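Next come the chains, spelled out residue by residue.
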Amino acid sequence: MSAKMSGNLIKVFVYGTLKRGEPNHHWLTRPENGHSRFLCEAQTVVKFPLVIGTRYNIPFILNKPGVGHNVHGEVYEVDDTMFANLDVLEDYPNYYDREIQQIKTENNEHIDCWLYLIKQFPEKLLSKRYLEKYNSEALPYCERSERLPEVKAKDDMTY
Ligand code: PCA
């Protein structure tokens, strides 16, 4: 562990814009944000609805376990500083919530990881297509800096 790295190591499962090749991946790799290390590709042990919602095409796992797919993503090891910065990006606990879930690795191991998900959501979001794996190509993701300031993110979920 390098001298710059703070305290605990935490495992996070990312399935959306934080994955490699996706628009927020830079957040995970920027050294000023803390330490992160890619561990493996993986998927949720529990099925969840993964949808793309709002006018900004934001990917969400909705807290409706048992519905949808075993969602594909990537596991990272992060330090406290990076974890705190991921909370900033995801606007936890105002926008995304997070919880520990069982994640199945490529080697069929089950490990506990944090994942960001939406706990309070309008039922209408469940009528969207459930994805097994996110990518931002078909429905381009809109960066926060380009969003309308007057629209409260949470109020925008059913747009
Ligand atoms: N960022 C987090 C949650 C959804 C998103 O876009 C992630 O990639 O896991």
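Scroll up to find the structure this text is about.
Residues numbered from 1 in each chain as written. Predicted model: local features only at pLDDT ≥ 70, side-chain atom pairs only at ≥ 80, totals over all residues. Heavy atoms only, no water.

## Focus: the site of the ligand
(1) Moving on: In the vicinity of the ligand, the residues found are Val14, Tyr15, Gly16, Thr17, Leu18, Pro59, Glu90 and Tyr96.
(2) Moving on: The backbone of Gly16 places a nitrogen or oxygen atom 2.8 Å from an oxygen atom of the ligand.
(3) Moving on: Within the backbone of Leu18, one N or O atom sits 3.1 Å away from an oxygen atom of the ligand.
(4) Moving on: Taken together, the residues of the shell around the ligand break down into 5 nonpolar, 2 polar and 1 charged. (Near = heavy atom within 4 Å. Polar contact = N/O pair within 3.5 Å; in protein donor to acceptor, adjacent residues only side chain to side chain. Nonpolar A, V, L, I, M, F, W, Y, C, P; charged D, E, K, R; others polar.)

## A few points about the packing of aromatic side chains
(1) Moving on: Per the counting criterion, the structure on display carries 5 aromatic pairs.
(2) Moving on: Centre to centre, the rings of Phe60 and Tyr96 are 5.9 Å apart; their planes meet at 55°, and the pair counts as tilted. Of the two residues, Phe60 is situated in strand 4 (residues 58-61) and Tyr96 in the loop between helix 2 (80-89) and strand 6 (97-105); the sequence distance between them amounts to 36 residues.
(3) Moving on: In this structure Phe60 comes out as buried when scored by relative accessible area, which is 0%.
(4) Moving on: Exposure remark for Tyr96: the relative accessible area of 6% places this residue in the buried category.
(5) Moving on: Considering the side-chain rings of Phe83 and Trp114, the 5.7 Å spacing of their centres and the 45° angle between planes classify their relative orientation as tilted. Of the two residues, Phe83 is situated in helix 2 and Trp114 in strand 7 (residues 110-117); the sequence distance between them amounts to 31 residues.
(6) Moving on: Classification of Trp114 as partly exposed rests on a relative accessible area of 23%.
(7) Moving on: Through a chain of ring-to-ring contacts, three or more aromatic side chains come together here, namely Phe60, Tyr95 and Tyr96.
(8) Moving on: The ring of Tyr92 is capped by Arg98, whose NZ or CZ atom sits 4.1 Å from the centre of that ring. (Phe/Tyr/Trp six-rings, centres within 6.5 Å; stacked < 30°, edge-to-face > 60°. Helix = DSSP H or I, 4+ residues; strand = E, 2+ residues; numbered from the N terminus. Buried < 20%, exposed > 50% of the residue type's maximum accessible area, 1.4 Å probe, protein only. Lys NZ or Arg CZ within 6 Å of the ring centre and 35° of its normal.)

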